[in-house]
Amino acid sequence: MTTTSNLFQHYPLNAAFFDEVFRQDGQVYPHYEDIHRQFSRLTSADFERLNEYAKLSFLNQGITYAVYSDGHKGAEQIFPFDLFPRVIPAADWEMLEKGLIQRNLALNLFIKDVYGERKILKDKIVPSALIFSSPHYSEEMKSIRPKNDIYCHISGTDLIRHSDGRYYVLEDNLRSPSGVSYVLSNRDAMKRTLSNAFRWSSVCSVNEYPAELLATLQSVAPNTEERPTCALLTPGTYNSAYYEHSFLAQTMGIELVEGRDLFVENNYVYMRTIHGPKRVDVIYRRIDDAFLDPLVFRPESMLGVAGIMGAYRAGNITIVNAPGTGVADDKAVCSYVPDMIRYYLDEEPIIPNVPTYLCEREDDLKYVLEHIQELVIKPVDMSGGYGVMICDRLSKAELEEVKLYIQADPRNYIAQPRMSLSVHSTYIEKKGEFEPRHIDLRTFTLMGKERPYVLPGGLSRVALKEGSLIVNSSQGGGSKDTWVTV
Amino acid sequence: MTDYVIEYRTVTEYEKSVKQGAYEFLIIPCENESQMVKHHRLLHSMPREPFTARNKYGFITYHFHSNADTFDFFSVSLLAQVAKNQPTLNVVTDLSLEEENSILEDIDFQMDHQSFLQSTALSSLKPGDFYLDLLRQKEETVGMYLLRLNSAVHGMLRYVQGSTNTGTSAKVALQGGSGVCQDFAHIMIGILRQQNIPTRYVSGYLSLSDNRDSQLHAWVEVFIPKLGWRGFDPTNNLQENDHFIKIAHGRDYLDCQPIKGVLVTDGDHKTSYEVSVRNSKDYNWFLQQQQQQQ
Amino acid sequence: MALAVGDNPRQGRGVHKTMLARIANTLYWMGRYLERTEHLARYLRVQYFTTQDAPMSQNRHFVLNSIVNMAGVPWEEGSELDEAEILFNVALDSNNPMSILSTITFARENARGMRNVISTELWEVINKYYHYVNNYPVAYFKTRGLYDFTLAAGENCSVIRGYVDSTLTHNDVWALIRLGVHLERTAQIARIISCKLYDIYSLTNGKEDMPVENYQYTVLLKLLESFDMNRHHYKAAPDRQKSLEFLILNADFPRSLAFNLRQIQFFLRKLGLNEKTPESVGFKVGRLCAKYQYLLFSEIENEVGAFVTETLNCVYEIHDTLEKDYFHV
């Protein structure tokens with residue numbers, strides 16, 4: 001079938017980008033044939049109706065997020081959702097799953113090494129200055145050995161697909177990666193909206209995630225005879241990801257607590273309940289390291305729990321993820337992950353990194369300054385797409401300004417070639433038809449139990465603005481359901 | 001061996017009552033090759049008993065956490081009897097200069113001592129901040145250098161009580177020209193760490209010869225290749241001797257704060273504290289005097 | 001219940017399903033706020049409209065005064081009472097923390113923080129009610145909207161209570177909301193009776209004036225939507241004894257003090273908060289209930305005002321004990 005139906009009639013093909021759905025000759029890839037056929041049969045009006053129905057489903061569920069700009073909280077918004085699912089064939093996924101597990105195994109070994117023997121630093125595979133200048137390095141963790149040597153239990157790895165059709169790792173998120181609730185809600189919305197259109201049996205289920213997460217939390221509980229009590233620690237209702245916190249607590253059936261609900265006595269952590277104190281064994285915290293223990297980190301913060309680090313050191317509580325994991329998701333450190341994989345696992349990396357220039361390295365800095373126009377410049381410790389500079393879109397004056405920033409603090413910047421994120425057919429409401437838009441993929445990996453778990457698919461984020469490469473929800477991004485075929 | 005009786009007392013009064021509070025005290029002498037805590041007692045005004053925890057360098061802290069009870073007054077006093085031996089003063093080794101340097105430059109050594117080689121906001125100094133002859137000279141062994149530097153840092157500041165506060169950095173103290181023990185310690189740390197010589201901040205009690213009321217003191221410990229850690233007190237231009245009773249060490253003052261607290265109150269507060277370190281014999285005499293007065 | 005756990009870390013592995021103190025407090029207050037808006041709206045409507053065609057010395061000033069007293073509007077003694085301003089202040093003024101708008105805003109905020117423990121349906125009706133109040137056109141309210149607005153407010157509250165009972169499992173979450181509802185209702189009934197007694201006193205200057213009094217007792221019953229049931233019960237026109245006895249001591253009428261005290265006791269037991277020490281909330285509630293159970297109206301007839309005030313103080317004390325011992329506020 002060719003692109004002749006209403007919804008696809010003006011669909012442009014661009015050789016510069018990898019289109020997930022259409023070949024350059026306009027043919028549809030085999031794993032998209034089914035869906036494409038279904039959509040092609042719909043008129044614009046039909047599709048518009050479905051689209052409105054899907055939106056309503058999110059509105060009613062109250063799946064919203066808050067946008068921040070300059071530190072002010074804006075209005076709550078619905079995370080835009082696109083009905084055309086991204087499909088990953090089983091064979092591709094098998095490779096990605098292996099690659100993600102490999103990567104996260106190596107990252108955990110690396111974090112353990114940094115807070116322990118420091119072999120990789122002594123062998124000068126990773127420059128030590130990079131580690132100890134990181135704001136996320138935690139001296140506290142030197143005296144703490146987490147249960148089962150797992151530091152990063154939940155990791156979010158961002159993948160992109162370049163114009164060569166290969167997958168690359170864009171960055172790791174090892175602190176509190178968010179977005180998994182959208183994966184589950186997207187699947188729900190798809191099922192409700194297009195209930196009859198698809199054979200769901202041929203798509204990997206994502207519903208196991210909460211049970212897998214709970215099993216992961218329980219598997220790293222300190223030794224107790226009792227069934228461990230887990231709790232999710234949130235900064236509160238005003239946090240932009242509060243919906244996700246509440247969603248995960250509810251689906252796992254554990255308590256959603258704030259810092260003021262917890263206290264420490266004799267190096268054990270307790271919840272305040274109406275029937276007295278109740279002991280907690282595992283805390284899945286969604287607050288930053290700096291707020292965990294006001295006695296240790298920031299005395300002015302009341303979000304955390306005074307004394308919790310002492311309880312952690314005494315081995316009476318497990319904190320998920322461990323403090324100090326951020327030392328490994330610094331964008332400059334990220335570029336060394338392939339080396340870590342070779343060093344710790346003696347394997348070749350299955351998923352390559354996006355090539356990265358560290359401005360801290362003299363040679364790299366020189367290259368970056370000379371080729372700045374072809375590069376994307378990123379601050380090493382910002383997330384959410386903030387501070388990213390796509391240089392071929394900047395004026396000459398702006399470029400000079402960027403160079404000054406970099407030279408003033410080279411450690412703080414990395415540069416990457418402008419990767420051509422793949423594009424995917426996406427429904428554009430204003431035009432009433434499909435157009436290609438750039439996408440990436442946030443995957444979720446759970447470590448801790450004997451068998452690591454990777455959520456099949458993940459969150460396909462889409463840059464809704466034409467030509468935009470920034471997929472973050474805070475900057476005009478939306479998302480798609482992601483199907484891994486069986 | 002000398003026996004000391006140490007008393008530490010602190011009182012805080014709050015203008016408005018405190019609903020929730022958590023305090024961590026790092027005031028009890030630690031135990032090592034040259035000192036032993038024979039016994040100690042902690043008295044306090046809180047309705048609930050404190051518990052102990054270890055901080056990141058393994059030192060014992062006392063935690064007072066109040067969840068339900070409100071209070072507007074908080075006092076803690078520690079009484080500890082400590083036996084102190086004369087620590088080793090020797091700073092000279094049979095290592096050649098080259099051997100010493102190759103240890104200090106070895107990446108394994110640096111990684112193992114990284115905590116006390118990294119500059120911190122309070123202790124960071126650059127060569128431009130002080131005279132370059134304060135750096136180790138080519139022909140100087142670490143031990144001899146430390147004796148020279150200890151005396152030089154002693155001369156860099158005038159000791160003036162209250163001239164700086166707990167947030168004053170080495171650099172600012174140097175510019176001001178005066179300071180207290182922790183400023184001397186931070187300056188010494190700042191100069192040594194940039195030369196890859198591991199140095200740590202030490203908090204503790206100092207027994208003054210004339211029995212006048214003491215204060216918490218701060219000095220440094222420096223790692224001398226082959227010998228290990230040695231204590232230096234740049235404030236008094238002394239090497240650590242049996243008058244120094246150590247509580248804890250850390251990267252700088254922030255790791256050794258005697259009291260840390262977080263609390264919920266909207267009023268002001270007033271804190272006072274006093275310290276006394278007495279020779280055991282004197283202490284018994286002191287107790288007798290007190291009893292006679294009563 | 002003390003928070004101390006002692007030296008045994010095995011303690012704190014209790015059999016109870018976990019109910020966080022903070023969440024418990026929020027649920028309880030949600031119940032209280034919802035109940036409060038209903039009483040405020042009803043008081044406004046009944047007091048305003050039943051007295052418009054009143055026979056005697058009724059005047060606007062008296063009505064407004066009564067509303068000001070009941071709703072706790074900050075109004076300077078002796079200054080001119082501005083009707084539109086007072087009605088706005090009680091209903092839609094976001095600067096008055098006691099207004100209907102503020103109260104439902106608090107209730108909604110409480111519910112928002114607990115989406116994971118209440119039903120979606122319950123959340124949605126609370127949310128809908130909030131939007132109704134928040135979007136109500138102020139100009140229309142000040143001129144013609146009072147009746148419509150206050151009636152809708154009452155109906156919304158009834159709907160929400162219906163959802164509380166029919167979409168929540170009857171567990172701790174439910175019991176805490178209901179505990180809040182009945183405690184607030186007890187307090188509101190007591191306050192309404194007190195206000196009315198004060199109204200009557202100020203109308204009659206303490207002298208006997210049967211027509212005026214009886215009319216006001218009718219208004220009192222209507223303020224608590226109990227006029228019809230009162231007639232059914234006594235089969236006679238209401239007077240002082242019949243109305244007060246009914247609202248204070250009738251154990252079967254859901255807007256009497258006796259009924260609601262027993263409900264408070266029931267929900268505390270349901271929550272397992274029934275300690276028996278003299279300082280405990282279980283003891284305080286039990287004692288008050290026992291007193292009500294074997295009380296004759298004739299015993300309090302001459303001091304109804306003082307008796308109701310005493311009950312109100314007991315209720316406040318019960319609230320304080322709850323917060324201190326269980327909610328750890």
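Further up the page is the structure itself.
Residues numbered from 1 in each chain as written. Chains lettered and ligands numbered in written order. Predicted model: local features only at pLDDT ≥ 70, side-chain atom pairs only at ≥ 80, totals over all residues. Heavy atoms only, no water.

J.: Is there a simple way to think about the overall build of chain A in this case?
T.: On a plain count of helices and strands, chain A comes out with 14 helices and 21 strands. For chain A, whose C-alpha radius of gyration is 23 Å, the value lies close to the compact-globule estimate of 23 Å for 486 residues. Projected onto its principal axes, the C-alpha positions of chain A cover 70 × 60 × 45 Å. Within chain A, the fraction of its 486 residues that count as buried is 62%. Carbon and sulfur atoms form 49% of the exposed surface of chain A, whose accessible area is close to 18500 Å². Charge-centre separation for chain A: the mean point of 52 positive side chains lies 2 Å from the mean point of 64 negative side chains. (Helix = DSSP H or I, 4+ residues; strand = E, 2+ residues; numbered from the N terminus. Rg over C-alpha atoms; globule rule 2.2 N^0.38 Å. Buried < 20%, exposed > 50% of the residue type's maximum accessible area, 1.4 Å probe, protein only. Areas by Shrake-Rupley, 256 points an atom, 1.4 Å probe, with all protein chains shown as cover. Lys, Arg positive; Asp, Glu negative; His and termini not counted. Charge placed at Lys NZ, Arg CZ, Asp CG, Glu CD.)

J.: Help me out: how do you make sense of the environment of Arg-192 of chain A in this one?
T.: All names here are of chain A. With respect to the helices, strands and loops of the structure, Arg-192 is situated in helix H6 (residues 180–193). For Arg-192, a relative accessible area of 37% gives the class partly exposed. Residues Arg-192 and Lys-480 lie 288 residues apart in sequence; the distance between their C-alpha atoms is 15 Å.

J.: Sorry if this is basic, but what is going on with the pairing of strand E1 (residues 2–18) of chain B here?
T.: Regular strands place side chains that alternate from one sheet face to the opposite one. Bridging between E1 of chain B and strand E6 (residues 71–84) of chain B involves 13 bridges; their strand directions are antiparallel. Looking at the pairing, Thr-10 of chain B lines up with Val-76 of chain B of E6 of chain B. (Pairing = 2+ DSSP bridges.)

J.: How should I be thinking about the side chain of Ser-203 of chain B in this particular structure?
T.: Along the chain, Ser-203 of chain B falls in strand E9 (residues 199–206). When neighbours within four sequence positions are excluded, Ser-203 of chain B is seen to be in contact with His-217, Trp-219, Lys-246, Ile-247, Ala-248 and Cys-256 of chain B. (Contact = heavy atoms within 4.5 Å.)

J.: Just to check I follow, could you spell out the environment of Thr-12 of chain B for this structure?
T.: All names here are of chain B. With respect to the element layout, Thr-12 can be found in strand E1. Each C-alpha atom of the pair Thr-12 and His-269 lies 6.7 Å from the other, and the pair is 257 residues apart in sequence. With residues up to four places along the chain from it excluded, the contact list for Thr-12 reads Asp-72, Phe-73, Phe-74, His-269, Lys-270 and Thr-271. Within the structure, the side chain of Thr-12 is placed 3.2 Å from the side chain of Thr-271, a separation counted as a polar contact. (Polar contact = N/O pair within 3.5 Å; in protein donor to acceptor, adjacent residues only side chain to side chain.)

J.: Just to check I follow, could you spell out the nonpolar core for this structure?
T.: Grouped burial of nonpolar side chains is what soluble globular proteins tend to show. Formed by 162 residues in total, the largest nonpolar core has its most connected members in Phe-110 and Ile-131 of chain A together with Leu-122 and Ile-248 of chain C. With 17 residues, the single largest contributor to this core is helix H7 (residues 172–204) of chain C. Aside from chain neighbours lying at most four places away, what touches Ile-248 of chain C is Ile-193, Ser-256, Leu-257, Ala-258, Tyr-292, Ile-300, Val-304, Phe-307 and Val-308 of chain C. Grouped together as the second largest cluster of nonpolar side chains are 34 residues, Ile-187, Val-222, Ile-224 and Phe-232 of chain B included. (Core = buried A, V, L, I, M, F, W, Y, C linked by side-chain atoms within 4.5 Å.)

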